[in-house]
Amino acid sequence: MWGAFPIYWKQLVAINPVELIAHRYVWTCVIVVVLVAAQRRFADIRAALGTPRRFGINALSATLLTGNWLVYVWGVNTGHVIETSLGYFLVPLVNVAAGRFLLHEHLRRLQWLAIGCAAAGVALMIFQLDQPPWIALALAGTWGGYSLMRKQSPLGALIGLTVETLLIVPFALAFLLARQFAGRGAFGHVDALSHAYLLGAGIVTAVPLLLFAYGARRIRLSTLGLLQYLAPTVQFAIGVGVYHEPFSRERAASFALIWIGLAAYTADNLWAQRKTLR
């Protein structure tokens, strides 16, 4: 589902990306609040916002999530699907680097090799293009930061997403109302199918995330680690095969270095888990 997202957002290419994200927050909030109400877990939400530290962590994670969503939708709808896939290929390696330099975790040799290959791939892309792959780096940075904040939070997937949407949705609603009163809002000015896509933004956001949380508790960590590459791989295939974005040999060389880094990272994870099991 996550891998197929570019096709969904491409149907709304005529709508302002900020407005798309605002709609995404509003309709996601509706869905998760209904789920929380059905489970009678509003006390968990109050507890998540009960202290300044908890409020700050959740506010920062919500801000990073907003930035990630906005960059992703803007990148997809401006013809940079391949570069958005690169951003999510980089995420595991960004997380490893953050663990080393921010949380002072010990890195094994293969993990250092993985980070080095990824850095070389990005450096080669900068040399070839004369500019950094800003979309990919922004996606990797915001999602890596979001992952770090979620690591500091004890909240599960549903309550975490509910808290984050509740913190942002007042701003999203204010933005949508301002555009609507100015006559520039999508509602009432787009076709019926586009209205359906806007209303469905909450479903396509909440369902994959909740399925991920459900599955993550039931499969091995190594399997989960391998599956995390499925979404950017599908995005990459869509960018090349469906939207025919240019993919030169020079760009392929940069991706190859990053993929080598991912292979080293994955091999290290599998080796470490087998050693632990033994």
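For the structure itself, look to the data block above.
Basis of the calculations
- Residues numbered from 1 in each chain as written.
- Predicted model: local features only at pLDDT ≥ 70, side-chain atom pairs only at ≥ 80, totals over all residues.
- Heavy atoms only, no water.
- Helix = DSSP H or I, 4+ residues; strand = E, 2+ residues; numbered from the N terminus.
- Buried < 20%, exposed > 50% of the residue type's maximum accessible area, 1.4 Å probe, protein only.
- Contact = heavy atoms within 4.5 Å.
- Lys, Arg positive; Asp, Glu negative; His and termini not counted.
- Charge placed at Lys NZ, Arg CZ, Asp CG, Glu CD.
- Expected span 1.5 Å × (residues − 1).
- Polar contact = N/O pair within 3.5 Å; in protein donor to acceptor, adjacent residues only side chain to side chain.
- Phe/Tyr/Trp six-rings, centres within 6.5 Å; stacked < 30°, edge-to-face > 60°.
- Lys NZ or Arg CZ within 6 Å of the ring centre and 35° of its normal.
- Core = buried A, V, L, I, M, F, W, Y, C linked by side-chain atoms within 4.5 Å.
- Salt bridge = Lys/Arg side-chain N within 4 Å of Asp/Glu carboxyl O.

A. Fine view of the overall build of the protein. Assigned secondary structure in the protein consists of 13 helices and zero strands. By principal-axis analysis of the C-alpha atoms, the protein measures approximately 55 × 45 × 30 Å. Evaluated residue by residue, the protein yields a buried proportion of 44% over its 278 residues. Taking all contacts inside the protein whose residues are at least 6 apart in sequence as the whole, residues at least 24 apart take part in 82%. Considering the protein, the positive charge centre built from 22 side chains and the negative charge centre built from 10 side chains are found 13 Å apart.

B. Main features of helix H2 (residues 17-39). Over its 23 residues, H2 runs 33 Å from end to end, which matches the ideal 33 Å to within 8%, given 1.5 Å per residue. Every buried residue of H2 is accounted for by Glu19, Leu20, Ile21, Ala22, His23, Arg24, Tyr25, Val26, Thr28, Cys29, Val32 and Val36. N-cap assignment for H2: the residue whose side-chain oxygen lies 2.8 Å from the backbone N of valine 18 is asparagine 16.

C. Summary view of the environment of proline 6. Topologically, proline 6 is positioned in helix H1 (residues 5-10). For proline 6 and tyrosine 214, which are 208 residues apart along the polypeptide, the C-alpha to C-alpha distance reads 24 Å. The contacts of proline 6, once residues within four sequence positions are left out, are Tyr72, Val76, Val81, Gln235, Ile238 and Tyr243.

D. Examining the packing of aromatic side chains more closely. All told, the structure shown has 13 aromatic pairs when counted by the stated rule. Between tyrosine 72 and tyrosine 88, the aromatic rings sit 5.8 Å apart at their centres with planes inclined by 70 degrees, giving edge-to-face as the arrangement. Pair noted here: tyrosine 72 is in helix H4 (residues 52-77) and tyrosine 88 is in helix H5 (residues 81-101), with a separation of 16 residues, a long-range link. The pair tyrosine 72 / tyrosine 88 is uniform in exposure class, with both members buried. Ring centres of phenylalanine 247 and phenylalanine 255 lie 5.3 Å apart, and the angle between their planes is 80 degrees; on these two criteria the pair is classed as edge-to-face. A residue is classified by how much of its surface remains accessible, and phenylalanine 247, at 29% relative accessible area, is partly exposed. Under the relative-accessibility criterion, phenylalanine 255 is labelled buried at 1%. In textbook terms, an aromatic cluster arises when at least three aromatic residues are bridged by ring pairs, as seen for Phe89, Phe236, Phe247, Phe255 and Trp259. Sitting over the ring of tyrosine 243, lysine 10 keeps its end group 4.9 Å from the ring centre.

E. The environment of isoleucine 82, seen in detail. Looking at the secondary structure, you find isoleucine 82 in helix H5. Once the C-alpha coordinates of isoleucine 82 and alanine 136 are considered, the two residues, 54 residues apart in sequence, prove to be 9.1 Å apart.

F. Seen up close, the side chain of serine 194. Position of serine 194 among the secondary structure elements: in helix H9 (residues 192-199). Setting aside residues up to four positions removed in sequence, serine 194 forms contacts with Gln11 and Leu12.

G. Fine view of unusual backbone geometry. The backbone of arginine 40 sits at a positive phi, close to 55 degrees, despite the residue not being glycine. A positive phi angle, near 50 degrees, is found at histidine 244, a position not held by glycine. Looking at the secondary structure, you find histidine 244 in the loop between helix H12 (230-242) and helix H13 (249-277).

H. Representation of the nonpolar core within the structure. Ranked by internal contacts, the top residues of the largest apolar core, which has 64 residues, are Trp9 and Tyr72. Setting aside anything within four residues of it in sequence, one finds tryptophan 9 in contact with Leu20, Arg24, Tyr72, Val73, Val76, Asn77 and Ala201.

I. Representation of the pattern of salt bridges. Applying the stated criterion across every chain yields a total of three salt bridges. Its salt-bridge partner being glutamate 19, residue arginine 179 comes within 2.9 Å of it at the nearest N-O pair. On the criterion of sequence distance, the pair formed by arginine 179 in helix H8 (residues 157-181) and glutamate 19 in helix H2 is long-range, its members being 160 residues apart. Summarising the burial analysis for this pair, arginine 179 and glutamate 19 share the class buried. Residues aspartate 268 and arginine 108 are paired through a salt bridge, measuring 2.6 Å at the closest nitrogen-oxygen approach. Here aspartate 268, found in helix H13, pairs with arginine 108, found in the loop between H5 and helix H6 (109-129); they are 160 residues apart in sequence, far enough to count as distant.

Function cannot be read off these values alone, since they describe shape.
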